[in-house]
Amino acid sequence: MNDFILPDIGEGIVECELVKWLIKEGDVIEEDQPVAEVMTDKALVEIPAPHAGTVVKLYCQEGEIARVHAPLFAVDDGVRSDSYSDKTRHGEREDDPAGDVMTVAAPARSTAQAKSAASQAASSQSDVALSGSNEAPATPTAAALERRSRDFILPDIGEGIVECEVVTWHVAEGDTVEEDQTIVDVMTDKALVEITASEPGRIVRFHYAQGENARVHTPLYAYVPDEEAEAESAESNESTESDVTSPERKQAQPEYLSENRQEGDGKSDNRSGQDGRHGESRPRIPATPAVRRLLREHQLDIQAIAGSGRNGRVLKEDVLAYLKQSETRETDVTPDDAHKVGAAAETDKAAAEACAVASDVVSDEVRSSRLEAKAVPLKGVAAVMARRMVQASTQIPHFHYGDELDITDLLALRARLKIRAEQQGIRLTLMPFIMKAMALAVIEEPILNARLSEDESEILYQGACNIGMAVDSASGLMVPNVKGVERLSILEIAREVGRLTEAARSGRVAPADLKGGTLSISNIGALGGTYAAPIINQPEVAIVALGRTQRLPRFDGEGNVCARDIMTITWAGDHRIIDGGTIARFSNLWKHYLEHPDEMLLSLS
């Protein structure tokens, strides 16, 4: 069952009134058949069916307001439409795809014909039951859940983002999930985003596999809400107890139950092999999905852990306590065991020496196999970075300007303030000082905080200094920015720098932290580089690359050689609106604040 999503029906229209349904539940519809009339702010619009199928459920009533990109009605995708219509014409209703067919006698039928049809239905059901001990009991419930399922629509996950890559499914089909539980991680052009469950229920089907691209406002996965899943389970149990037992089925049941019992016993043996409880039933122990995920990560059996929660529920604390006890048991080694461990260690040492000798005579063919020839698709953040760097380097005439900073006094100031910052749980680096000095210099030279209009007819000066910092994350280069640096204190900037760095390295930066940057810093020195020629992060007009700090000899005011801490910097400016004199004046003022941090304090507001 799939949900039909109300498409865009006009520019800027987000909702409409459902005037009239042209179909009803149970109707078989054709592709492009009109299904509903809706009234927008401008006109009466006719909504056509996207494909053929059987209408299962209407989500809106006539006169109600329907929202764009929300489910309008549910339709079976047409797999059963032909058989459904044929059986309906002959007076049959298909209640169960597994063969549980209810025969409804039509007025024109005789009693004998009705009995014959009922006999055929019972016979076909017994055939289905005998066809497989696994599939027969499971199919009705799965099919019924499929009919009751709803589609979770992938919401807007960022401004202008129309698709994303499915990275990791955190659940499996058939799992029961809770509200706000993480279902899947998706990678957009900017960051890794977690998609959570909108309500508790059971996962029925994934519409996308890992690695595929999912489009915004389309179904991501199908699920059955908790109340409907429970209702379906109750109906399934009632229908099982009240099944029609024909002579053929009575003969089939013992054989079927025997096969099912044998298979179930085999599965129970496999599951309970560790604790020796072969053939015993394993009642489901209550635990949250997060706890079950922790158990899977550590390859633990939930049966081995005593739950301290209500009704024996296994809590996260129970799992952690069990792991701690396991580690304690492993460290408690008896003298005899210690002797065995020592002997094993000597054996391992001899084996390691033998491997080392063998590795010395490895052939050239083996050495060459260390490199693997493969093709890795360029996607996600890396693909976006590639496109933007090409665009920036070809459209912007770059002008580079280099200099050196003597940050000896700044390092001494940071060392004195570092302890105070750590007392507040803040890691104080040089970056907050560099950002603050840059924001103060922007006040004197605001053109470095500006941008060029799209038609290149205006210079747009920005009302806030949002300084970005390039972070080398696992998913690619990200440039989150600290908002309003000119209004923040050093400690406030340090707190934001720490938060953004941690988020970027984990690939979970919020889209708002990646937008609105006005000036960027590339700290190449953190990786050991001394010089770099950075590329401007469009639509910004300037970026600076920081080299590593080196202890170098320099002359003081009296001509004596002394050791100073020197950092190299390289600016890149947009030569369409920034000339050499402008960037030199800005850099000199910024340099003065960093080399004389006491004077920077006088300019703080």
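Residues numbered from 1 in each chain as written. Predicted model: local features only at pLDDT ≥ 70, side-chain atom pairs only at ≥ 80, totals over all residues. Heavy atoms only, no water.

J.: When you look at the overall build of the protein in this model, what are you seeing that I'm missing?
T.: Counting its regular elements, the protein contains 16 helices and 28 strands. Of all 605 residues assigned to the protein, the portion counted as buried reaches 37%. A fraction of 61% describes how many contacts in the protein between residues 6 or more apart in sequence connect residues 24 or more apart. For the protein, the accessible surface area stands at approximately 34200 Å², while carbon and sulfur atoms represent 51% of it. (Helix = DSSP H or I, 4+ residues; strand = E, 2+ residues; numbered from the N terminus. Buried < 20%, exposed > 50% of the residue type's maximum accessible area, 1.4 Å probe, protein only. Contact = heavy atoms within 4.5 Å. Areas by Shrake-Rupley, 256 points an atom, 1.4 Å probe, with all protein chains shown as cover.)

J.: What exactly am I supposed to notice about the pairing of strand β4 (residues 34–39) here?
T.: Successive residues of a regular strand alternate their side chains across the two faces of the sheet. One ladder, built from four bridges, connects strand β2 (residues 15–21) with β4; its direction is antiparallel. Counted as the bridge partner of W21 is A36 from β4. Pairing analysis gives five bridges linking β4 to strand β5 (residues 44–48), with the strands arranged antiparallel. Each bridged residue has a counterpart across the sheet, and for A36 the counterpart in β5 is I47. (Pairing = 2+ DSSP bridges.)

J.: Got a minute to help me understand the pairing of strand β6 (residues 53–58) in this structure?
T.: Across two bridges, the pairing between strand β3 (residues 28–29) and β6 is antiparallel. Residue pairing for β6: V28 is matched across the bridge by T54.

J.: Explain unusual backbone geometry to me, please; I cannot follow it from the model alone.
T.: Note: most residues except glycine have negative phi, and most peptide bonds are trans. Of note, the amide linkage connecting Q538 to P539 takes the cis form, showing an omega dihedral of 10°. Looking at where P539 falls in the secondary structure, it is placed in the loop between β26 (519–522) and β27 (542–555). Even without glycine at this site, Q299 takes up a positive phi of about 55°. Note that Q299 resides in the loop between α6 (289–297) and α7 (316–331).

J.: So what exactly am I meant to see when it comes to the packing of helix α12 (residues 431–444) against helix α13 (residues 490–505) here?
T.: Each pair of packed helices can be described by the angle between their axes along with the distance between the axes. Contact geometry for α12 and α13: axes closest at 9 Å, N-to-C directions at 120°. With respect to each other, α12 and α13 are oriented oblique. As α12 packs across α13, the resulting crossing turns out to be right-handed. Only I490, I493, A494 and V497 of α13 make contact with α12, whose side of the interface consists of M431, P432, F433, M435 and K436. (Axes fitted to C-alpha atoms, helices over the stretch in contact; angles between N-to-C directions. Parallel < 35°, antiparallel > 145°, perpendicular 65-115°, else oblique. Left-handed = near helix turned anticlockwise from the far one by under 90°.)

J.: Quick question: what am I supposed to make of the side chain of D513 here?
T.: Tracing the sequence through the fold places D513 in helix α14 (residues 511–514). The class for D513 is buried, based on a relative accessible area of 12%. A polar atom in the side chain of D513 sits 3.1 Å from the side chain of R499. (Polar contact = N/O pair within 3.5 Å; in protein donor to acceptor, adjacent residues only side chain to side chain.)

J.: Explain the sheet that holds strand β13 (residues 176–177) here, please?
T.: Sheet strands pair via backbone hydrogen bonds, and the direction of the pair is either parallel or antiparallel. One open sheet holds the four strands; their spatial order is β11-β18-β16-β13, and the pairing between them is antiparallel. Looking along the sheet, the strands with just one partner apiece sit at the ends: β11 (150–153) and β13. One ladder, built from two bridges, connects β13 with strand β16 (residues 201–206); its direction is antiparallel. Looking across to β16, one finds that V177 is bridged to G201.

J.: When you look at the sheet that holds strand β7 (residues 65–67) in this model, what are you seeing that I'm missing?
T.: If you trace the four strands from one edge of the open sheet to the other, you get β5-β4-β2-β7, paired in antiparallel fashion. At either margin of the open sheet sits one strand with a lone partner, and together these are β5 and β7. With direction set aside, neighbouring strand axes in the sheet form an average angle of 45°.

J.: Would you take a moment to explain the pattern of salt bridges for this structure?
T.: For the structure shown, the criterion picks out 14 salt bridges. In this structure, R585 engages E445 in a salt bridge whose closest nitrogen and oxygen atoms are separated by 3.5 Å. Remark: E445 occurs in the loop between α12 and β20 (450–452) and R585 occurs in helix α15 (residues 580–595); sequence separation between them is 140 residues. By relative accessible area, R585 is classed as partly exposed at 49%. Classification of E445 by relative accessible area gives buried; the value is 17%. Residues participating in the shared-partner salt-bridge network are E456, D574 and R576. (Salt bridge = Lys/Arg side-chain N within 4 Å of Asp/Glu carboxyl O.)

J.: Hey, could you run me through the packing of aromatic side chains in this one?
T.: What describes a pair of aromatic rings is the distance from one ring centre to the other and the angle between the planes of the rings. Tallied over the full model, the rule gives eight aromatic pairs. Ring plane angle 80° and centroid distance 5.4 Å describe the contact between W571 and W590, whose orientation is recorded as edge-to-face. Here W590 lies in helix α15 and W571 lies in strand β28 (residues 561–574), a separation of 19 residues in the sequence. W590 sits in the buried class, given a relative accessible area of 0%. Members of the aromatic cluster, joined through ring pairs, are F152, W169, F206, Y221 and Y223. (Phe/Tyr/Trp six-rings, centres within 6.5 Å; stacked < 30°, edge-to-face > 60°.)

J.: What's the story with helix α10 (residues 381–395) in this structure? I'm lost.
T.: Given 3.6 residues to a turn, an α-helix orients residues that are three or four positions apart in the same direction. Here α10 contains 15 residues, and its C-alpha end-to-end distance of 21 Å stays within 8% of the 21 Å for a straight helix at 1.5 Å per residue. Turning to α10, its buried residues number three or more, namely V381, A383, V384 and A392. Down the axis, α10 shows its buried residues gathered within 165° of arc, on one side only. α10 presents V390 and T394 as exposed residues on the side facing more than 90 degrees away from its buried surface. Each element contacted by the buried residues of α10 is listed here: β14 (182–187), β19 (398–406) and β24 (476–478). (Expected span 1.5 Å × (residues − 1). Arc of directions from axis to C-beta.)

J.: Where do I start with the environment of E173 in this structure?
T.: With respect to the element layout, E173 can be found in the loop between β12 (163–169) and β13. By relative accessible area, E173 is classed as partly exposed at 47%. The sequence separation of E173 and F206 amounts to 33 residues, and the corresponding C-alpha distance is 7.1 Å. Filtering out sequence-adjacent residues up to four positions away, E173 remains in contact with I203, V204, R205 and F206.

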